[in-house]
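# Structure assessment
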Amino acid sequence: MPFLSNLDIFLFSLIAGLIIYWVMFRKKAEAIPEFKKLETPAPAARESSFIEKMKKTGKNIVVFYGSQTGTGEEFANRLSKDAQRYGMKGMAADPEEYDMSELSRLKEIDNSLAIFCMATYGEGDPTDNAQDFYDWLQESDADLDGVNFTVSFSSCFFFIFVNDDGNLEEDFVSWREQFWPAVCEHFGVEATGEESSIRQYEPFDSKNPFLSPVTVNRKLNKGGDRHLMHLELDITGSKIRYESGDHVAVYPTNDSNIVNKLGEVLGVDLDTVISLNNLDEESNKKHPFPCPTTYRTALTHYLDVTSCPRTNVLYELAQYASDPKDQENMRKMASSSPEGKALYQTWVLDSSRNILAILEDLPSLRPPIDHLCELLPRLQARYYSIASSSKVHPNSIHICAVVVEYQTKTGRTNKGVATNWLKNKVPTDNGHKATVPMYIRKSQFRLPFKSSNPVIMIGPGTGIAPFMGFIQERAWLKQQGKEVGETVMYFGCRHKNEDFLYQEELEAFEKEEVLTQLNVAFSRDQEKKVYVQHLLKNNKEEVWRQIHKDNAHIYICGDARNMARDVQTVFYEIAEELGGMTHTQAVDYIKKLMTKGRYSQDVWS
């Protein structure tokens, strides 16, 4: 038989052909790309040290919460926010996120306090986020000597939610009302405002004032040559909140007569549209005031044309004086020489010369108005102590002010910008509303957190303004059934029949026993002048008892240069005489009252 049959040859050829095809014509496998492992940055380590976080952020109170349904966390946030009212800073913290063994380090932070607002659920079990902390407390032997802490436990959060029981909020509020006064007493601090609303964002501020309608503008004094006035600004719907002792800032406009005279003296059309552009293209401030505008608008709304110009303004303007003598004097006043300083003091400051008076008295000085507008400072807001309480008047802000008007040594009549502008803000019945651009500036001038503390208020003249708010608030607290301590007022004016401000209201408060004492000094109703400091000295035994034994808070509002200084001297003398102190000790005693927030001043010069 043949060695290979035809079938064998066929199979052999087929196999050989397939092998050749595979070798010669097969599609080469694609190379598998090599994927490099991406180098992902390690996640930033979470700050596990609440002590370091407190130090970095300036916090001195930490409120740890154990919360299963969110209520404990909410209460913790409320407590940390409360701390701001006492000049402290608080933070709410989840114990699960921090190293709780650092509690012993809390004493590294001055006046620090740990608060534990811990919920439980089920059969009194710790919440999930507080379980590790609970276990650590059970197992560790932590040294917490010197650590200030307080605990607010609730074992019924779960049941309260199920039964829709409203007592939890009530219990928290009651505990909170007792808690913060105890903290104040321990640390020797005072609240900056009872129940004040602390908001993250303000609806209106210096760059966005509220246009408030004037609803009341009445003259307060019955006689004399001055004009003392009471205004009420409507803030309905503005969401503006204020507290007794805060300031209201108003943006006035300049007297049109002064603006017109400036235009006449400089020989310019005030209605010319202008745009002053900063030559420094990199500067963030592109214009000295909103542009484009007119000279009239700039001089009326944006620039201060009534204050005495500073020496740098005189130096810049000197180049435009055609009389060499005027140039020399203006540059001299801008120099540091004794002669220059004396000339500036007498010719500008003592004579109360504003820019218009200077231009009128130096006929050779005629600067270009655009350069003058560049040099004049911005017209600033004016601040007034609010003369009302938001508890009684939530939708209005009251102002008490005296219209400023006086004769200068040059025979001119100078008028205060804001007070004369406010004087003319009269409500009308013709549909046109007189409005005032305003916003609130918060103050530290606050009633004591505990209404049972006595208060001694000293405010002659328009210095009575914040005390009208204080007295209204004490009356409101009394109506709410709160215990209200002695409320003593020392007021001063010139004549009882002329400028006894708010006489009817004050006497009514005294009759209702809201005011414990109303002491009034009428300085010019007798031959020898009597001021508030004299009345304080006459009542020295009572004043010392109120301050030294009864924890009274002292408030002074008004003139800083004379009245406030003289009143403080009387307190030194009382401490020396009745407290058996040396003068140095008396000064230290009053300083300590200031530090503790028991001696507060809202004064101006």
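The structure we're discussing is the one just above.
Everything numeric in this text was worked out from a predicted model, so none of it was measured.

All right, on to the sheet that holds strand β18 (residues 517-522) then. Read across the open sheet, the five strands follow the order β18-β17-β16-β19-β20; overall the sheet is parallel. Each edge of the open sheet is held by one strand with a lone partner, namely β18 and β20 (599-604). Averaged over all pairs of adjacent strands, the angle between strand axes in this sheet comes to 10 degrees, irrespective of strand direction. The pairing of strand β16 (residues 455-458) with strand β19 (residues 553-559) spans four bridges and is parallel. Of the residues in β19, the one forming a bridge with valine 455 is histidine 553.

Another aspect to go through is the pairing of strand β7 (residues 228-234). The buried count for β7 comes to six of seven residues, which makes it a mostly enclosed element. Pairing geometry for strand β6 (residues 210-219) and β7, over five bridges, is antiparallel. Looking at the pairing, arginine 218 lines up with histidine 230 of β7.

Turning next to the side chain of histidine 398. Tracing the chain through its elements places histidine 398 in strand β12 (residues 396-402). Setting aside its immediate chain neighbours within four residues, histidine 398 contacts His230, Leu231, Glu232, Ser385, Ile386, Ala387, Ser388 and His393.

Let's shift gears to the sheet that holds strand β11 (residues 382-385). Sheet strands pair by backbone hydrogen bonding; their relative direction is either parallel or antiparallel. What the six strands build is an open sheet, ordered β11-β8-β15-β6-β7-β12; its pairing is antiparallel. Strand pairing shows two members of the sheet lacking a second neighbour, β11 and β12, which therefore form its edges. Sheet twist, expressed as the mean angle between neighbouring strand axes with direction ignored, is 40 degrees.

In this section: the nonpolar core. Residues Phe289 and Leu299 are the most contacted members of the largest nonpolar core, which totals 35 residues. Going through the elements one at a time, α7 (256-266), α8 (295-302), α9 (311-317), α10 (324-333), α11 (338-349), α12 (355-361) and α13 (369-375) are the ones with two or more residues in this core. If near-sequence neighbours (up to four positions away) are discounted, phenylalanine 289 is found in contact with Ile274, Leu276, Ala298, Tyr302, Leu303, Cys373 and Arg378. Core analysis: the next-biggest nonpolar cluster, separate from the first, contains 30 residues, Leu220, Leu228, Phe467 and Cys557 among them.

Our focus in this paragraph is a negative patch on the surface. On the surface, Glu96, Glu97, Asp128 and Asp132 cluster together to form a negatively charged patch. Structurally, aspartate 132 can be placed in helix α4 (residues 131-139). Under the relative-accessibility criterion, aspartate 132 is labelled exposed at 54%.

Moving on, we get to the packing of α10 against α11. Closest axis-to-axis distance for the α10/α11 pair is 7 Å, and the angle between their directions is 105 degrees. Considered as vectors, α10 and α11 are oriented roughly perpendicular to each other. Packed against α10, whose contacting residues are Asn329, Lys332 and Met333, the element α11 presents Glu339, Gly340, Leu343, Tyr344, Trp347 and Val348 at the interface. When its residues are assigned to classes, the contact of α10 with α11 shows five nonpolar, two polar and two charged.

In this section: helix α21 (residues 583-595). With 13 residues, α21 extends 18 Å between its outermost C-alpha atoms, agreeing within 8% with the 18 Å of an ideal straight helix rising 1.5 Å per residue. By the burial criterion, the buried members of α21 are Ala586, Val587, Tyr589, Ile590 and Leu593. Angularly, the buried residues of α21 cover 155 degrees about the axis, an arc narrow enough to put them on a single face. Seen from the open side of α21, the exposed residues pointing more than 90 degrees away from its buried face are Thr584, Lys592 and Thr595. Packing partners of the buried residues in α21 comprise α19 (540-549), β19, α20 (560-579) and β20. Phi turns positive one or two residues past the end of α21, at glycine 597, with a value near 80 degrees.

Rules used in this analysis
- Starting afresh in each chain, residues are numbered from 1 along the sequence in its written order.
- Where local features are concerned, this predicted model is filtered to residues with pLDDT of at least 70; where side-chain atom pairs are given and counted, the filter is 80 or more; whole-chain, interface and lining totals use all residues.
- Just so you know, side-chain values use all the structure's heavy atoms and leave hydrogens and water out.
- Any two strands between which DSSP finds at least two bridges are classified as paired.
- The secondary structure listing takes helices from DSSP runs of H or I that are at least 4 residues long and strands from runs of E that are at least 2 residues long, numbered from the N terminus.
- To define axes, lines are fitted to C-alpha atoms, for helices over the stretch in contact only, and angles between the resulting N-to-C directions are given on a 0 to 180 degree scale.
- Three labels apply to residues, based on accessible area from a 1.4 Å probe with only protein chains included: buried if under 20% of the type maximum, exposed if over 50%, partly exposed otherwise in between.
- Residues count as neighbours in contact if any of their non-hydrogen atoms are within 4.5 Å of one another.
- Among the buried residues, those of types Ala, Val, Leu, Ile, Met, Phe, Trp, Tyr and Cys that are joined through side-chain atoms within 4.5 Å form a nonpolar core.
- Like charges within 9 Å and nonpolar side chains (Val, Leu, Ile, Met, Phe, Trp, Tyr) within 5 Å are joined into patches, using only residues over 30% in relative accessible area that form no salt bridge.
- The protein chains shown are the only cover counted for residues, whose accessible areas, like all others here, come from Shrake-Rupley with a 1.4 Å probe.
- By definition here, a salt bridge exists when the distance from a side-chain nitrogen of Lys or Arg to a carboxyl oxygen of Asp or Glu is within 4 Å.
- By the counting rule applied here, Lys and Arg register as positive and Asp and Glu as negative, while His and the ends of each chain are not counted.
- In plain terms, the charge of a residue is placed at NZ if it is Lys, CZ if Arg, CG if Asp and CD if Glu.
- Roughly parallel here means an angle under 35 degrees, roughly antiparallel means over 145, roughly perpendicular means 65 to 115, and every remaining angle is called oblique.
- Residues were grouped as follows: Ala, Val, Leu, Ile, Met, Phe, Trp, Tyr, Cys and Pro as nonpolar; Asp, Glu, Lys and Arg as charged; and all remaining residues, including Gly, as polar.
- To estimate the expected span of a helix, subtract one from its residue number and multiply by 1.5 Å.
- Directions drawn from the helix axis to the C-beta atoms are what define this arc.

Shape is all these values report; function is a separate question.
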